[in-house]
Amino acid sequence: MRKVLTGNQAVAYGAMLSDVQVVAAYPITPQTTIIEELADMQAEGLADLDYIRVESEHSAMAACIGASMGGVRTFTATCGQGLFLMHEMLHYATGARTPVVLANVNRAIAAPWSIWSDQTDSVSQRETGWIQLYCEGNQEVLDTTIMAFKIAESLRLPAMVILDAFFLSHTSEPIEIPDIEAVRDFLPPYDPGDLWLDPDNPRTFGSLCMPDTYMEFRWQIQRDMERAKQVIDEVQDDFGRVFGRNYRQVEGYRSDDADVVMVVSGTVASTGRDAIDFLRARGEGVGMVKIKTLRPFPRQELVAALRGKKKVAVIDRNFSPGATGVWAQEIRSALYELPEDERPIIYGYIAGLGGRDISIKTIEEIYQKTREADQPDDVDIWIGVNYV
Amino acid sequence: MKYTDRQVHVPLCSVSTTSSLVNKTGTWKSAQPLFIDRVSPCNQQCPAGEDITGYMYLVGQGRYEEAWRLIMEENPFPAIMGRVCFHTCEERCNRTEHDDAVSIHMVERFIGDYGLANSLRITVPGPERKERVAIVGAGPAGLTAAYHLRKMGNGVSIFDSNQKPGGMMRYGIPSYRLPKEVLDGEISRLDEMGVEFKIAVKVGKDVTWDSLDNEFEAVFMGIGAWEETSLGIEGLNKKGIYNALEFLEDINLGKEPKIGKRIAVIGGGNSAIDCARVSRRLGAEATIVYRRSEAEMPAHTEEIEMAREEGVRFLFLASPKAIYGEETVAGVKLEKMALGEMDDSGRRRPVPTGETFDIDCDGMITAIGEATRVGDLPPFTSHRGGVVEADRMGQTTHLRFFAGGDIIDIPHTVTHAIGSGKRAAVAIDRFLRGIENDKDSPDQFTWGESGTINLAWLKGTSLFCRRNPSLEVVDYTDMNPFYFDCLPGVKTKRIPVDERLKGFQEVSEPFSEEEVISEARRCFNCGSCTECGNCCIFCPENSIKRDPDGYGYVADMDFCKGCGICVNECPRGAMTMKLME
Amino acid sequence: MYSLNQRFNNQDIPEDEFMASGNSACAGCAASLSMGLALKGLGKPTVLVIPACCFTIIPGAWPLTALDVPVFQAAFETTGSTLSGIKAAYRKRGMDDVCVVGWAGDGGTFDIGIQALSATAERNDDVVYVCYDNEAYMNTGIQRSGGTPMGAWTTTTPVKDPKSEPKKDIDEIMIAHRIPYLATATAAYPHDMIAKFKKARSIKGTRFIHLLSACPTGWRVPENLSIEVMRLAVLSNIFPLFEVENAEIFRQTVIPDEVIPVERYLRLQGRFRHLTDEAVKEYQKMVDDRFERLRKRFEITE
Ligand SMILES: Cc1cc2nc3c(=O)[nH]c(=O)nc-3n(C[C@H](O)[C@H](O)[C@H](O)COP(=O)(O)OP(=O)(O)OC[C@H]3O[C@@H](n4cnc5c(N)ncnc54)[C@H](O)[C@@H]3O)c2cc1C
């Protein structure tokens, strides 16, 4: 079935099709329509879910963790400030090994107030142990939401589906809605196995760990995050086989024969495709790589995609004050293992913060700067900023 | 593995499944609780060595026969005791600091009467040994000694010069306080137990002390104090003058002594009170003349109170100097006295003032004290003015002879006599078995000033004395009074005065069963575990459990952290903290 | 056997044990005792949510536990919302009979957890929330909380500047949520406490039980007196025992035979040692006033 849906509706459909059982959520712009949509679906009887209208995002995540401990599939959505308020509980969900799925609509951080797109909220959760899946379009949003449950549950790690504010959340696209029975085949009901609060089995979850036991639990998170790379691939492959849409953690666009490669994530990728086509038409040897996962970081795929390139330009719609954009940091450290003669020069660019448009022109400017400079500046270049 | 240098066998998250029982928190403590069975103040002072808290516990549950048997372990005369014992236990009762003392004597009386009404029996096998013990005097001391010796398996013969056994209980105490059926009923049990009664045989006259010394392996002497102390003034041979013992003996034998209508009773003790009260029952006016003031009277306050109710008048600080009258007494000349320094008894001494005054009377009874007839004692036991020398257990200087009751240096009461008879029985039994007095000897287990001895405690079979018996006395501050509601005690009812004066009907009315139960339940059971469960319920470590093999509780020292809550919350002071090494 | 003339008949106390020996509570801890009693009242199936508090430590470090019911150790401020989440999951799984119980300290309830608690109560989620109130952040070493009473010393309200504000009235706050059941209880009155937990279990909606829970370490009382001091709190009306149904029916469940002066309660504890006689008098007035406000409601509804 095809429908014209906003990104937020796509999230709601994804959750509904996944037969999510408990939703705990709190409204925040621009996430709000996700939870409105789910409330409607519940009220209409389309989704058989228990809806907890919590008083904050912190409680939303706490309730999701509780419900997940109760042995059911749980979901929430938030953005920006809400994600920041959740921060403590994001870590908690990982440590408790509760496979909660969260949709985050990338929103800029206050102060000053801004409700527009910016990845700083989600990249700031890099160390929480959540799998982070960035989406380019609404179809990918819906599909990724379904896949996120499967990935999270098989690893018992929480997963975040990430979409740009307004560019996706409030933009409509015609998308294919998978058949629910096919989704059910793809994603069977949640089986918590042994790790849930079974009332008949008196165990204490989350017991205090002394220094001689703590590291083992953290290590298992790391082990499973490493394993996640493979699991994500498998799930995406499965999904592709069943539904005919294929997703990769790292996906090149006209990058094989390019000298200069732009690395992007989220909606910048779709603008990027047009920009690459435009530049190629001009005869430039440029290509693009889109990364879907910040965590786990697809190091090997990325190395494979960028090995031997001359220059790599990373566009970050986020930044870490005092350092560089987060994607740039990650890519630099990933590529460092290449031998010097195969290691590209990496250029970092900060663009599109707080919802500022990243247009074809912006990308062209970035390409231009990359091509012209023999060496990158030691700090990221801020694109389109009226320096004061 | 890349990320670790050690093999791990841990679950995915920190889920605990091992019971904390592996964590032996008992090592934390520096002090540990101890279950002890302490002595309640009532038990500690009971001259007869009864386990009062024990039978209160049983009566509170309606277990009357068990209660009766518990008393009978110690004292053969609960129905008598419940009536004539001066129940000093109630003065010491910790409950007095809470609300009112438990009416112990009324509960005991109920139990005694229950035994009589239901013809409860103590059965004993025939004597185990051929040796026999002679008991001289069938007063409470002799009867008690006989009873216990018989229970211990000894053959016993009891000699008494009177026509019936009972001693002063029969010939002294009037029946409005101790009905004869009660007395007969309780004494008759000894008969059934195979005690041989040799009645109307006066030792020293009808049989010699020497012959007893020869025929019996041991002799107990309990011949009482049957000589009335003389006033030491002229004219005591006038008609209408009696001494208390003659007077009461006549009454108790059903004779009508010839005495006037206005009677002066000289003395301040219980016999003086009895004489005055009997006089009232004979239709006479009675005035008690006492040389000190009311506060110094040795008579029991309740007795004084009842005498007052019955119209007995009191004249204090007056001492007889001369008797008026020709053949029959017509009046007494009295000297006014004043109170001086404390004397040895701790009371203020009467000091003559030289001032005199007269009172009229046509009858007079002297009741200033009774002593043992020195001539009735065997020649070979040493005594001081009729007070036979004996050790704490009653053994005299003539080792085969033991003594108890009014002839030794203990207060003259039925209760003390019973206690002394019991002590002597223990001593005689051990003497016959050839057990030397050593550090385990029973006199190590006699308590308090009256030498209380509790046989069950000694044997370790007492109801509460299960573990760590301690002779420490529990006082109110050792208890946790919070756990006891304030409930005023049941008051003893007495029959109306005009009823009383018509004859010798028993004055105090028995408690109903409900009253008895409610009184028994008021008992704190000081110092005894009643398995109330507080220690167990309040243990934050869950380390106190029912003792699987017996009575009470055990604390698991593997886990007890030594907080001491159990001790603080024990309502009855049956626990204590002990510092650890 | 039964306890003769005792005020309580301990025969009534359920024998079941849910709190094992070997726990890591300090000696004389009323909280660990309270847990055992509460679970006796609640029975099974029961699942506990325990946020950061002394009870993070008490059941024991991994892999040990003293609790014989499933437990989720939750983040400090999340008791209310975690309860709601677990309850929702059980509802979805058709396990509505499971009693989901939060067990939080005063810090986790009066302070950091009040937002989540308030929301859970406002939604009237079907959970039991227990606050064992030891009147300060004891686990971190006796710091002042909203539950700390006026005048008390804590490590953040030193003797020279003790807490000058009265204790936050969490009961009134919860009553204002018009929840179906609220009760105060203390382990010094185990029968009353167990009865309240039993009753709580039988009611639907958010139930709140406020336990006074002496901390010998933080209150500066000898370990053996932790029951005693809680009893004095009740007898002095510092901590009256009552229950409230639907914010309408107020019932005092333990009426002291004789109300004792607050001074006896205060003077037993080192944390109040510095209070002057004058301050104790004021304290008495404060306690009397609060009780009077409550008493009026007891009367109205009795
Ligand atoms: C009027 C009065 C009222 C009292 N009221 C109370 C009271 O209410 N409560 C209380 O506790 N105490 C009371 N007492 C005291 C109590 O009666 C005595 O202390 C107690 O009876 C002493 O017991 P006993 O066995 O030593 O001697 P007794 O009871 O005096 O018995 C001695 C026995 O020995 C016999 N006997 C004496 N000489 C010989 C002999 N040579 N050969 C053979 N038999 C002999 C006597 O016949 C007598 O039966 C009262 C005493 C009196 C006088």
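Calculation notes
- Residues numbered from 1 in each chain as written.
- Chains lettered and ligands numbered in written order.
- Predicted model: local features only at pLDDT ≥ 70, side-chain atom pairs only at ≥ 80, totals over all residues.
- Heavy atoms only, no water.
- Axes fitted to C-alpha atoms, helices over the stretch in contact; angles between N-to-C directions.
- Helix = DSSP H or I, 4+ residues; strand = E, 2+ residues; numbered from the N terminus.
- Parallel < 35°, antiparallel > 145°, perpendicular 65-115°, else oblique.
- Contact = heavy atoms within 4.5 Å.
- Buried < 20%, exposed > 50% of the residue type's maximum accessible area, 1.4 Å probe, protein only.
- Pairing = 2+ DSSP bridges.
- Salt bridge = Lys/Arg side-chain N within 4 Å of Asp/Glu carboxyl O.
- Domains from an automatic or database assignment.
- Buried area = accessible area lost by both parts, 1.4 Å probe.
- Polar contact = N/O pair within 3.5 Å; in protein donor to acceptor, adjacent residues only side chain to side chain.

## Remarks on the packing of helix α10 (residues 299-306) of chain A against helix α11 (residues 326-335) of chain A
Residue and element names in this part refer to chain A. Taken N-terminus to C-terminus, the directions of α10 and α11 make an angle of 75°; their axes are 10 Å apart at the nearest point. One element, α10, and the other, α11, form an angle in the roughly perpendicular class. Touching Arg299, Leu302, Val303 and Leu306 of α10 are Ile331, Ser333, Ala334 and Leu335, all from α11.

## Considerations on the environment of Leu143 of chain B
Residues and elements named next belong to chain B. Its place among the elements puts Leu143 in helix α7 (residues 140-151). Leu143 gets classed as buried once you look at its relative accessible area, which sits at 0%. Considering only alpha carbons, one finds Leu143 and Gly375, 232 residues apart in sequence, at a separation of 22 Å. The residues touching Leu143, leaving out its near neighbours within four places in the chain, are Phe77, Gly137, Ala138, Ile158, Gly166, Met169, Ile187, Leu190 and Phe197.

## Overview of the sheet that holds strand β6 (residues 131-134) of chain A
Residues and elements named next belong to chain A. Spatial strand order, β3-β2-β4-β5-β7-β6-β13: 7 strands in an open sheet with mixed pairing. Two strands close off the open sheet at either side, each with one partner strand: β3 (50-53) and β13 (293-295). Within the sheet, the average angular offset between the axes of one strand and its neighbour, ignoring direction, is 20°. Looking at chain direction, strand β2 (residues 22-25) and strand β4 (residues 74-79) are connected through 2 bridges and run parallel. Looking at the pairing, Val22 lines up with Thr74 of β4. The strands that helix α2 (residues 32-43) touches are β2, β3, β4 and β5 (101-106); relative to β3, the one it contacts most, it runs at about 135°.

## Regarding the pattern of salt bridges
Under the defined criterion, the tally for this structure stands at 103 salt bridges over all chains. Salt-bridge contacts for Asp50 of chain A lead to Arg91 of chain C; the nearest nitrogen and oxygen are separated by 3.1 Å. Linking Asp50 of chain A in strand β3 with Arg91 of chain C in helix α3 (residues 79-92), this pair reaches from one chain into another. By relative accessible area, Asp50 of chain A is classed as buried at 14%.

## Digging into the domain arrangement of chain B
Residue and element names in this part refer to chain B. Domain boundaries in chain B define domain 1 (12-36 + 529-579), domain 2 (38-120 + 460-521), domain 3 (132-226 + 372-439) and domain 4 (228-369). The straight-line distance from the C-alpha centre of domain 2 to that of domain 3 is 26 Å. With 26 residues of domain 2 at the interface, the matching set in domain 3 holds 27 residues. Carbon and sulfur atoms make up 66% of the area that domain 2 and domain 3 hide from each other, which totals about 2,300 Å². Broken down residue by residue, the surface that domain 2 buries against domain 3 is led by Pro47, Phe77 and Ile80, which jointly contribute 26%. Inspection of the region where domain 2 meets domain 3 yields 2 salt bridges. A salt bridge links Lys422 to Glu74, with the shortest nitrogen-to-oxygen separation between them at 2.7 Å. The interface formed by domain 2 and domain 3 includes 9 residue pairs in polar contact (both at pLDDT 80 or more). The set of elements that each furnish at least two residues to the side of domain 2 that touches domain 3 consists of α3 (64-74), α4 (78-84) and α6 (104-117).

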